[in-house]
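Reading the structure
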Amino acid sequence: RILISIFLEDIQLGYYGFSSNFFKGVRIIGVAVSMMILPRIVKSFAKQDYQQMLRYSLIQQWSSFGLMGIASILTGISLYYLIPMFMPEFESSLWVSYILLGVATLIPLGFYPHILNTIGKQKVYLMTQIFGIGLNVIISTSFIHLGYGIEGVALGSLISMVAYVILIRYLGRNAVHHLING
């Protein structure tokens, strides 16, 4: 949002804020699932049952992804039909909403954040998040300068989320491999 407020008009910031509310709504589903599964991940780690820890992480990933995906699809369909009827002034933000719903749905596919925090690799997790944020700023700024507006910012978020998921999966897999194999 900071980039939008610097480079674009206030109305664009309003449209993006409107769209990001749907992202937040879907994201809360993943948070709720994580709250239920995380204690089991930690307990499995404490018992040094790493296979069980990975199993619970898989349950968390796929249940979050599935529920968030369904919520994103239903939200997207609802937006498609309801925004033009009841809030036509926000029609121009529909593509941003769809892209951000996709970003929210990808979050659980990172798989390793809870594991990295549990096994004492918070720095790896934090550095991966910083990488994702930095990449998002670079890509979003580039898209703004190329004239893509808030759609470019949303697309920058999507691209950086894909890169974040790939990186955290790679680093997380290495950390777990090192934990299991010494």
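Report follows, based on the coordinates. (Residues numbered from 1 in each chain as written. Predicted model: local features only at pLDDT ≥ 70, side-chain atom pairs only at ≥ 80, totals over all residues. Heavy atoms only, no water.)

1. Observations concerning the overall build of the protein
Convention followed: Strands are runs of DSSP state E lasting at least two residues, helices are runs of H or I lasting at least four, and both sets are numbered from the N terminus onward. For every residue, the accessible area (1.4 Å probe, protein chains only) is compared with the maximum for its type, and the residue is labelled buried under 20%, exposed over 50%, or partly exposed between those bounds. In this description, contact between two residues means that some pair of their heavy atoms is separated by no more than 4.5 Å. For the area figures, the Shrake-Rupley method with a 1.4 Å probe applies, and any residue is considered shielded solely by the protein chains shown. His residues and chain termini do not enter the charge count, which takes Lys and Arg as positive and Asp and Glu as negative. The atom standing in for a charge is NZ when the residue is Lys, CZ when it is Arg, CG when it is Asp and CD when it is Glu.
A tally of regular secondary structure across the protein gives seven helices and zero strands. N-terminal to C-terminal, the α/β element order of the protein is α-α-α-α-α-α-α. Burial statistics for the protein: of 182 residues in total, 41% are counted as buried. Taking as baseline every contact in the protein between residues at least 6 positions apart, the subset at least 24 positions apart corresponds to 76%. With the model as given, the accessible surface of the protein reaches about 10,000 Å², and the carbon-plus-sulfur share is 69%. For the protein, the separation between the mean place of its 11 positive charges and that of its 6 negative charges on side chains is 28 Å.

2. Some remarks on the packing of aromatic side chains
We count it as follows: Pairing of aromatic rings covers Phe, Tyr and the six-membered ring of Trp, with a centre-to-centre limit of 6.5 Å; geometry is then stacked below 30 degrees between planes, edge-to-face above 60, and tilted otherwise. Two conditions define a charge sitting above a ring: the NZ of Lys or the CZ of Arg must be within 6 Å of the ring centre, and it must be within 35 degrees of the ring normal.
For the coordinates displayed, the defined rule picks out nine aromatic pairs. Aromatic pair Phe-45 and Tyr-50: ring centres 6.1 Å apart, planes at 40°, arrangement tilted. Residue classification places Phe-45 among the partly exposed positions, given a relative accessible area of 22%. Pairing Tyr-80 with Tyr-81 gives two aromatic rings, centres 5.0 Å apart and planes at 90°, and the pair type is edge-to-face. Grouping residues by exposure puts Tyr-80 and Tyr-81 together as exposed. Through pairs of rings, three or more aromatic residues link up here, namely Tyr-15, Phe-18, Phe-22 and Phe-90. A cation over a ring is seen here: Arg-55 above Tyr-56, with NZ or CZ 5.1 Å from the ring centre.

3. A few points about helix H3 (residues 50–86)
Rules: Each helix should span, by expectation, one fewer than its residue count multiplied by 1.5 Å. At any given residue, the bend is defined as the angle formed between two axes, one fitted to the seven residues that end at that position and one fitted to the seven that begin there.
Between its first and last C-alpha atoms H3 spans 51 Å; for 37 residues at 1.5 Å apiece the expected length is 54 Å, and the two agree. Along H3, the largest kink reaches about 30° and is centred on Leu-79.

4. Looking at the packing of H3 against helix H4 (residues 94–106)
Put simply, the rule is: In this analysis, axes come from line fits to C-alpha atoms, helices being fitted only over the stretch in contact, and the angle between any two N-to-C directions falls in the range 0 to 180 degrees. Orientation is classified from the angle alone, with under 35 degrees giving roughly parallel, over 145 giving roughly antiparallel, 65 to 115 giving roughly perpendicular, and any other angle giving oblique. Charged residues are taken to be Asp, Glu, Lys and Arg, nonpolar residues to be Ala, Val, Leu, Ile, Met, Phe, Trp, Tyr, Cys and Pro, and polar residues to be all remaining types, Gly included.
At their nearest, the axes of H3 and H4 sit 9 Å apart, and the two run at 175° to each other. Classed by the angle they form, the pair H3 and H4 counts as roughly antiparallel. For the pair H3 and H4, the contacting residues are Phe-65, Met-68, Gly-69, Ser-72, Thr-75, Gly-76, Leu-79, Tyr-80 and Ile-83 in the first and Leu-94, Ser-97, Tyr-98, Leu-101, Ala-104 and Thr-105 in the second. Grouping the amino acids of the contact of H3 with H4 by side-chain chemistry returns nine nonpolar, six polar and no charged.

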